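Close look at the chain arrangement
Letter by letter, the chains look like this.
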Amino acid sequence: MRKVLVAGHIGVGHTYSHSGFIQDDSLGFSSALALLRKFYDFDTTIRRVYIETPRKICVETVDGGIGCATPRRGLNIFEIEILKNLEGADATLPHLATLKLFGKVRGGCDEVPTSVEYALSVAALNTVTKKVENFIFSQIGNESGVIGGLNIELPEASLSVVITVNGSGSGIGPIEDLEGNIPVGPKRQVMETLGSITVPSIILESKAFIPNLASRVHGSAILLRYNKDYDNVVVARAVSRVLSRLGVNYIELDGAFPRYFNSIGKPKAEIVSKIHVLASTLSNSKKSMDKVLAASKLAEIVCEDLGGVFFMSEDLAEVVGSAGLVPGTGVVVSIVVGEDYMNQVGIPYATREDADTLAKIALICIEEIIANYEEVMNVLRNRYVDPIKVIELE
């Protein structure tokens, strides 16, 4: 049976990065759930918010999905009061719901907002578990990564949908070694059960402001990314044909995700060097203003720039790139926004319309991929590299 994988994830709290990159890293998660909604009925509206202990946040959806999180430094009475405003929010848009409460989410610094985003994401997946037969739900520990997935039989193929929550219930930030279609750890077990490890893949990703693309975008555009030397160029051509046929505004990048390029290690070294300089400046400062300025620059680096280097293990990124795309398997489809968008709203955020758009594109692309399946699989077999064979994750 011919099979195609559509994978989406949320990097909980992964909003900022170095080089001015800002994103809503939940759009892939929301889009994969929107795709499921085309086949199944489930209600992810938040019905109830409750504090199970003085530190533990729990949310429950209309259809009984529950997600909990425990902010590392606990909650105060005012935060508990604010959290009641989550009732009525859609858990399949966890970043948007959290932004509406707190304005910003910075994994590693804003522990309560990040924890809320995690709890909402888990509640959404748990809802699907309760409502959709054969949906696989796997959680790593009590408040860590979560993977869900199932197979959907289409007229000419089998569609595997895999959805991942990459994050921590303590709010300390995203650990995204399970993003994209990376088959390691418990996610590999889910993908093995679905038979979706070595199949053509469409990775649904974030809604982002990318500075070096900003001049090419008015408002927003679909972004098709892959690396012509490592990824599946036949899948890329199929997706490109669909986007052209639909008449949507899109940008295609065939040099994205360079592999074996030290793509995380190099910027990490540069950022650590900046931290050393600022720490030295702070150590040598005597005046209050000097100390405050040094500390503020340190805070910006720690809360924002480091997001682009702590989200994934470095050896893994060398194989799969920053979006978790296993070589030979497919492409990444996301949304990119321009400066005019940022000037208007200040931060990228995914909407239900965005999620529905990517879900629609993915479904149409599946038909095009199936029509060229043998050629797709020839590229996949020649280029596939199993990450588990070249790295060791603790």
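Let me begin by describing the structure that accompanies this report. Being a predicted model, the structure only gives us computed values, none of them experimental.

Helices and strands together make up the secondary structure of the protein, namely 14 helices and 12 strands. Taking 2.2 N^0.38 as the reference for a compact globule, 394 residues should give roughly 21 Å; the C-alpha atoms of the protein span a radius of gyration of 20 Å, in line with that estimate. Put simply, the protein has 394 residues, and 58% of those count as buried. For the protein, the computed accessible surface area is about 16100 Å², with 50% contributed by carbon and sulfur atoms.

Turning next to empty space enclosed by the protein. Under the definition given, this model contains 1 cavity of 30 Å³ or more. In this structure, the largest cavity spans a volume of roughly 40 Å³. Lining the largest cavity are G13, H14, T15, Y16, R106, G107, P174, C303, E304, G307 and F310. Among the elements of the structure, helix 8 (288-305) and helix 9 (307-310) are those that each provide at least two residues to the lining of the largest cavity. Taken together, the residues of the lining of the largest cavity break down into 4 nonpolar, 5 polar and 2 charged.

As a further point, take the nonpolar core. One finds L36, L86, V161 and V333 to be the most contacted residues of the largest nonpolar core, which totals 109 residues. Here this core takes 10 residues from helix 4 (residues 111-131), the largest share from any one element. Beyond its immediate stretch of four places on either side in the chain, V333 contacts I202, I203, L204, E205, I222, L223, L224, V239 and L358. Listed in part, the 10 residues of the second largest apolar core include Y16, L99, F209 and Y341.

Bringing the packing of aromatic side chains into the picture now. Enumeration over the complete set of coordinates arrives at 2 aromatic pairs. With 6.0 Å between their ring centres and 55 degrees between their planes, Y230 and Y260 make a pair best called tilted. Residue Y230 is located in the loop between strand 10 (220-225) and helix 6 (233-246), and its partner Y260 is located in the loop between strand 11 (250-253) and helix 7 (265-284); the two are separated by 30 residues in the primary sequence. Relative accessible area serves as the criterion here: at 29%, Y230 is assigned to the partly exposed category. The ring of Y50 has R48 lying over it, and the distance from NZ or CZ to the ring centre is 4.0 Å. Here K207 stacks its cationic end above the ring of Y349, 5.7 Å away from the centre of that ring.

All chains considered together, the criterion is met by 2 disulfides. Bridging C58 to C68, the disulfide has an S-S length of 2.1 Å. Because the sign of the S-S torsion sets the handedness, a value of about 110 degrees for the bond joining C58 and C68 places this disulfide among the right-handed ones. Of the two residues, C58 is situated in strand 4 (residues 57-61) and C68 in strand 5 (residues 66-69); the sequence distance between them amounts to 10 residues. Judged by its relative accessible area of 0%, C58 falls in the buried class. Look at C68 and you get buried, because its relative accessible area is 17%. Shown here is the disulfide that connects C109 with C303, its sulfur atoms set 2.0 Å apart. Judged by the sign of its S-S torsion, about -95 degrees, the bond between C109 and C303 is left-handed. Linking C109 in the loop between helix 3 (94-102) and helix 4 with C303 in helix 8, this pair joins segments that are 194 residues apart in sequence. Both residues of the pair, C109 and C303, belong to the buried class. Here the bonded cysteines of the protein are numbered in sequence order, and their pairing is 1-2, 3-4.

What follows deals with a nonpolar patch on the surface. A grouping of M289, V292 and L293 is seen on the molecular surface, where their side chains present a nonpolar patch of about 290 Å² in accessible area. Tracing the backbone shows V292 in helix 8.

Another point: the environment of L363. As for its placement among the helices and strands, L363 is situated in helix 12 (residues 352-371). L363 sits 357 residues away from V6 along the chain, and the two C-alpha atoms are 8.9 Å apart. Setting aside residues up to four positions removed in sequence, L363 forms contacts with L35, K38, F39 and L159.

Attention shifts here to the layout of surface pockets. Computed from the structure, the largest pocket encloses a volume of approximately 980 Å³. Looking at the lining of the largest pocket, the elements that each hand over two or more residues are strand 9 (201-209), strand 10, helix 7 and strand 12 (330-337). Each residue belonging to the lining of the largest pocket can be placed in one class, and the counts come to 16 nonpolar, 14 polar and 7 charged.

Conventions and cut-offs
Residues numbered from 1 in each chain as written. Predicted model: local features only at pLDDT ≥ 70, side-chain atom pairs only at ≥ 80, totals over all residues. Heavy atoms only, no water. Helix = DSSP H or I, 4+ residues; strand = E, 2+ residues; numbered from the N terminus. Rg over C-alpha atoms; globule rule 2.2 N^0.38 Å. Buried < 20%, exposed > 50% of the residue type's maximum accessible area, 1.4 Å probe, protein only. Areas by Shrake-Rupley, 256 points an atom, 1.4 Å probe, with all protein chains shown as cover. 1 Å grid on protein atoms, 1.4 Å probe; cavity = no way out; pocket = protein on both sides within 12 Å on 5 of 7 lines; lining within 4 Å. Points joined across faces, edges and corners; volume = space filled by probe spheres on them. Nonpolar A, V, L, I, M, F, W, Y, C, P; charged D, E, K, R; others polar. Core = buried A, V, L, I, M, F, W, Y, C linked by side-chain atoms within 4.5 Å. Contact = heavy atoms within 4.5 Å. Phe/Tyr/Trp six-rings, centres within 6.5 Å; stacked < 30°, edge-to-face > 60°. Lys NZ or Arg CZ within 6 Å of the ring centre and 35° of its normal. Disulfide = S-S within 2.5 Å. Patch = residues over 30% accessible without salt bridge, like charges linked within 9 Å, V, L, I, M, F, W, Y side chains within 5 Å. Salt bridge = Lys/Arg side-chain N within 4 Å of Asp/Glu carboxyl O.

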